[in-house]
Amino acid sequence: MTSVQATWLSPQAYGRLQRELAALREPCDADADEYCDAVRRARRLRIQRIHDLLVNAVVGQDPPDDGIAEPGMVLTVRYDDTNEVETFLLGARGAEHCGVEVYSVHSPLGSAIAGARPGERRSYVPPSGVRLTVTLVRAVPYGVHRAATVTRRPERVVKTRGEPTPVRGDSPRDGPKLVGRLVPAPGPRPADPGGQRRVRAGDPA
């Protein structure tokens, strides 16, 4: 009996594929011409592809954080000939949209790097036909990678009118610095120059 290999999917990809499959299965109006026949064939192939992914999917179960390259891990590799570094998810290409490149375990690079540990070198032949060698630098579960790349929202400072604004990095010993122009403290108003007597040279004191 032939065993079917499970496909790792993130929860986001699983939900997106379910919605796409439901939309593709809706009836559509099409004329009976060659173009529409090609569209229908493409729809049937896509439906079958999504169905196979969903049936054999392992959803959202991060692999162990042991540094071994396997589906569901975000890998960082270094190309030995150029020292160029690339980071990608080992998963289902065409299903994941996670802000990082995705390579399938059936791709030349994916099949070569699967099972490697950090520091191991693997060689593969891409479609160009030129053999390349890569070194696995790092492998982390997708969930760990996603949590580390979530943008932190800036702090919101709420203050009342007239409250001094502290500057980040001020010394607690010195107290917060004030941002803005200095306003003199209230005090007695100066005398009106227009009401003072002007004294000129030669005038009696």
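The shown structure was predicted, so the numbers you read here are calculated from the model rather than taken from an experiment.

> Please set out the environment of F88 residue by residue, giving values where relevant.
Within the secondary structure, F88 sits in strand β4 (residues 85-90). In the structure, F88 is positioned 11 residues away from V77 in sequence and 8.5 Å away in space, judged by C-alpha atoms. Ignoring sequence-local partners within four residues, the contact set of F88 consists of M73, V74, L75, V77, V100, E101, Y103, L109 and I113.

> So what's going on with the nonpolar core? Residues and values would help.
With 18 residues, the main nonpolar core has L75, F88, I113 and L136 as its most contacted residues. Every element with two or more residues in this core is listed here: β3 (73-79), β4, α3 (108-113) and β7 (132-141). Setting aside residues no more than four positions away along its own chain, L75 makes contact with A69, E86, T87, F88, L90, I113, L136, R138 and A139. Judged by nonpolar contacts, the second largest core, of 11 residues, contains A13, I47, I50 and L53.

> Can you break down the pattern of salt bridges residue by residue, with the values?
Inspection of the entire model under this criterion finds 3 salt bridges. A salt bridge links R46 to E20, with the shortest nitrogen-to-oxygen separation between them at 2.9 Å. In this pair, R46 sits in helix α2 (residues 34-55) while E20 sits in helix α1 (residues 11-24), placing the two residues 26 residues apart along the sequence. For R46, a relative accessible area of 26% corresponds to the partly exposed category. In this structure E20 comes out as partly exposed when scored by relative accessible area, which is 30%.

> Before we move on, can you summarise the sheet that holds β3 with the specific residues and values?
With mixed pairing, 5 strands are arranged side by side in an open sheet as β5-β4-β3-β7-β6. Each of the sheet's edge strands pairs with one partner strand only, and the pair in question is β5 (101-103) and β6 (121-124). If you compare each strand with its neighbour and ignore which way they point, the axes differ by 45 degrees on average. As judged from the 4 bridges shared by β6 and β7, these two strands associate in the antiparallel manner. Across the sheet, the residue bridging to R122 is V134, located in β7. Strand contacts of helix α4 (residues 142-149): β3, β4 and β7, with the helix running at about 75 degrees to β7, the strand carrying the most contacts.

Analysis parameters
Residues numbered from 1 in each chain as written. Predicted model: local features only at pLDDT ≥ 70, side-chain atom pairs only at ≥ 80, totals over all residues. Heavy atoms only, no water. Helix = DSSP H or I, 4+ residues; strand = E, 2+ residues; numbered from the N terminus. Contact = heavy atoms within 4.5 Å. Core = buried A, V, L, I, M, F, W, Y, C linked by side-chain atoms within 4.5 Å. Buried < 20%, exposed > 50% of the residue type's maximum accessible area, 1.4 Å probe, protein only. Salt bridge = Lys/Arg side-chain N within 4 Å of Asp/Glu carboxyl O. Pairing = 2+ DSSP bridges. Axes fitted to C-alpha atoms, helices over the stretch in contact; angles between N-to-C directions.

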